[in-house]
Amino acid sequence: MHFSKRLDLFGDEVFASLNARRRKLEAAGRTVYDLSVGTPDFEPPAHVVNALIISAQHPENWRYSLHDKDELLDAVCNYYQDRFGVSDITPEMVMSCRGTQEGMGHVCAALADPGDIALIPDPCYPVFAAGTLLAGAEPYYYHLTAEHNFLPNVAEIPDEVADRARYMVVSLPANPVGSVGTPEVYQEIIAFAQDHDIVIIHDNAYSDIVFDGPAGGSFLSYPGALDVGVEFLSLSKSFNVTGARLSFLVGRSDIVAATRRLRGQVDFGMFYPEQDAAIAALTGPRDSVERQRLMYQERRDALCDGLEAIGWERPNAHGSMFVWARIPHGRMDSVAFVGELMERSGVIVTPGASFGPSGEGYVRMALVMEPDRLREAVAAIEQAGM
């Protein structure tokens, strides 16, 4: 049987491999601390769940949706005004996506042709590179380094590369490295995009999980951003609805229209009960979101304080639900280290190399356990001599 050469673009899926090894450890009776996958362990708000249940009881809502409800588009526009202070968003600048993962694939394909260059962060969430490769474009990796606080540094990108690039993916707060954007960084990125005629695709999945300073914001709140780009607004982490895949592409209307046109060839739109759940999240109370942020910060402190106390370098963790930790003793074999850590301590983390070449020498840990449980995981690492 002959399969597409596209499959050769991708390696083995790291989370499936880690999950298989986890199941073997559990079957053997071992205590396991799985910090590899960023699935929130908090519950979705009751008003969001109830909205979906009520909507699903209406038979007409089980038909093809084919479009985003006007109420949903208005809810996104009003959310941007209320949450981020962005008053310029109108319904034609919004479309729903079945998660940012799916949306990234579509927007990359709508923007790039085979042979084009795309600027991708390294390390990065793997779909940024995967969407680019599926579009036939060539990733050019710009580096997120400790020396630059794991933030984009457009000055390192050669002019000849920038002039050929179709788009630049930016993700702040950043998965996996935990950095949070600053006004200066966003202003540099916007000026860079204007100078080189580049589209900015900003992933804003973790705007509600920011520590040690001002609340998270939106790329689209900065002057010039709506002229050069779009942003993914995800409800997954803020409202704990990861399985429902509630996400939106928001921003420059021609980019949104092109992405909507392409997506319409392969998808009939978001299920109406999911749309109603999203409306409830966007228009309802957000007190649970702030309580949850504080609980994530408590978890961050427990894990980072604990790792530092046993001799690890203090991890980078200013935002998102992840901790980005340098492997002790200068080890640069993250895949081997993760396997050894799992077997010796029962603690499962994700190798930094799975997020790009610059991720080597690091591991990513997800804040998906209560503080006491995270302290137990740190104790298990210490007892394993790692």
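Note that the coordinates shown come from a computational prediction; the quantities given were computed from them, not determined experimentally.

K.L.:
Looking at this structure, how should I read the environment of Trp324?
P.N.:
Along the chain, Trp324 turns up in strand 9 (residues 322-326). Judged by its relative accessible area of 1%, Trp324 is buried. The residues touching Trp324, leaving out its near neighbours within four places in the chain, are Pro123, Phe150, Pro176, Val177, Pro315, Asn316, Gly352, Phe355, Gly359, Tyr362, Val363 and Arg364.

K.L.:
Any chance you could explain empty space enclosed by the protein here in plain terms?
P.N.:
Over the atoms rolls a probe the size of a water molecule, and its path tells where empty space is left. This model, assessed by the stated rule, comprises one cavity of 30 Å³ or more. The calculated volume of the largest cavity comes to roughly 30 Å³. Looking at the largest cavity, the residues that line it are Tyr79, Asn204, Ser207, Asp208, Leu233, Ser234, Leu235, Ser238 and Phe239. Going through the elements one at a time, strand 7 (229-234) and helix 9 (236-239) are the ones with two or more residues in the lining of the largest cavity. Residues that form the lining of the largest cavity fall into these classes: four nonpolar, four polar and one charged.

K.L.:
Is there a simple way to think about the pattern of salt bridges in this case?
P.N.:
Close approach of charged atoms lets side chains of opposite charge pair. Throughout the structure, instances matching the rule amount to 22 salt bridges. A salt bridge links Asp82 to Arg286, with the nearest nitrogen and oxygen atoms 2.9 Å apart. Of the two residues, Asp82 sits in helix 3 (residues 70-84) while Arg286 sits in the loop between helix 11 (272-283) and helix 12 (287-309), which places them 204 residues apart along the sequence. A salt bridge links Asp116 to Arg166; the nearest nitrogen and oxygen atoms lie 3.9 Å apart. On the criterion of sequence distance, the pair formed by Asp116 in the loop between helix 4 (99-111) and strand 3 (117-122) and Arg166 in strand 5 (residues 165-171) is long-range, its members being 50 residues apart. Note on Arg166: relative accessible area 30%, which makes it partly exposed. The network of salt bridges with common partners includes Arg331, Asp333, Glu340 and Arg344.

K.L.:
Got a minute to help me understand the side chain of Ser55 in this structure?
P.N.:
Relative to the assigned elements, Ser55 resides in helix 2 (residues 46-56). Excluding anything up to four places from it in sequence, Ser55 contacts Asn61, Tyr272, Pro273 and Asp276.

K.L.:
Where do I start with a negative patch on the surface in this structure?
P.N.:
A contiguous patch of negative charge on the surface is contributed by Asp159, Glu160, Asp163 and Asp195. Looking at where Glu160 falls in the secondary structure, it is placed in helix 6 (residues 159-162). Judged by its relative accessible area of 57%, Glu160 falls in the exposed class.

K.L.:
What is the right way to look at the environment of Arg63 in this model?
P.N.:
Structurally, Arg63 is set in the loop between helix 2 and helix 3. According to the relative accessible area criterion, Arg63 is exposed, its value standing at 60%. Separated by 94 residues in the primary sequence, Arg63 and Ile157 place their C-alpha atoms 48 Å from one another.

K.L.:
Honestly, the pairing of strand 9 in this entry has me stumped. Any pointers?
P.N.:
On a regular strand, each side chain points to the face opposite its neighbour's, so the side chains alternate between the two faces of the sheet. Across the five residues of strand 9, four count as buried, placing the element largely inside the fold. By the bridge criterion, five bridges tie strand 9 to strand 12 (residues 362-366) in an arrangement that is antiparallel. For Ala325, the partnering residue across the bridge sits in strand 12 and is Val363.

K.L.:
Please clarify how helix 10 (residues 253-263) should be interpreted in this entry.
P.N.:
Note that an α-helix has 3.6 residues per turn; residues three or four places apart therefore point the same way. Among the residues of helix 10, Ile255, Val256, Thr259 and Arg263 are the ones counted as buried. For helix 10, the buried positions fall inside an angular range of 100° around the axis, keeping them on one side. For helix 10, the elements touching its buried residues are strand 2 (94-98), helix 4, strand 6 (199-203), strand 7 and strand 8 (246-251).

K.L.:
Where do I start with the packing of helix 1 (residues 14-27) against helix 13 (residues 334-345) in this structure?
P.N.:
To characterise two packed helices, one gives the angle between the axes of the helices and the distance between these axes. Two numbers describe how helix 1 lies on helix 13: the axes approach to 11 Å, and their chain directions differ by 20°. Our classification of the angle between helix 1 and helix 13 gives roughly parallel. Between helix 1 and helix 13 lies a crossing of right-handed hand. Of helix 13, the residues touching helix 1 (which contributes Leu18, Arg21, Arg22 and Leu25) are Val338, Gly339, Met342 and Glu343. Grouping the amino acids of the contact of helix 1 with helix 13 by side-chain chemistry returns four nonpolar, one polar and three charged.

K.L.:
What is the right way to look at helix 1 in this model?
P.N.:
In a regular helix each residue adds 1.5 Å, so 14 residues correspond to 20 Å; helix 1 covers 20 Å between its end C-alpha atoms and thus fits that length. Restricting attention to buried positions, one finds in helix 1 the residues Leu18, Arg22 and Leu25. Along helix 1, the residues classed as buried sweep out an arc of 60° about the axis, all on the same side. Away from its buried face by more than 90 degrees, helix 1 exposes Arg23, Lys24 and Ala27. The elements touched by buried residues of helix 1 are strand 1 (33-34), helix 13, strand 10 (347-348) and strand 11 (350-351).

Criteria and thresholds
- Residues numbered from 1 in each chain as written.
- Predicted model: local features only at pLDDT ≥ 70, side-chain atom pairs only at ≥ 80, totals over all residues.
- Heavy atoms only, no water.
- Helix = DSSP H or I, 4+ residues; strand = E, 2+ residues; numbered from the N terminus.
- Buried < 20%, exposed > 50% of the residue type's maximum accessible area, 1.4 Å probe, protein only.
- Contact = heavy atoms within 4.5 Å.
- 1 Å grid on protein atoms, 1.4 Å probe; cavity = no way out; pocket = protein on both sides within 12 Å on 5 of 7 lines; lining within 4 Å.
- Points joined across faces, edges and corners; volume = space filled by probe spheres on them.
- Nonpolar A, V, L, I, M, F, W, Y, C, P; charged D, E, K, R; others polar.
- Salt bridge = Lys/Arg side-chain N within 4 Å of Asp/Glu carboxyl O.
- Patch = residues over 30% accessible without salt bridge, like charges linked within 9 Å, V, L, I, M, F, W, Y side chains within 5 Å.
- Areas by Shrake-Rupley, 256 points an atom, 1.4 Å probe, with all protein chains shown as cover.
- Lys, Arg positive; Asp, Glu negative; His and termini not counted.
- Charge placed at Lys NZ, Arg CZ, Asp CG, Glu CD.
- Pairing = 2+ DSSP bridges.
- Arc of directions from axis to C-beta.
- Axes fitted to C-alpha atoms, helices over the stretch in contact; angles between N-to-C directions.
- Parallel < 35°, antiparallel > 145°, perpendicular 65-115°, else oblique.
- Left-handed = near helix turned anticlockwise from the far one by under 90°.
- Expected span 1.5 Å × (residues − 1).

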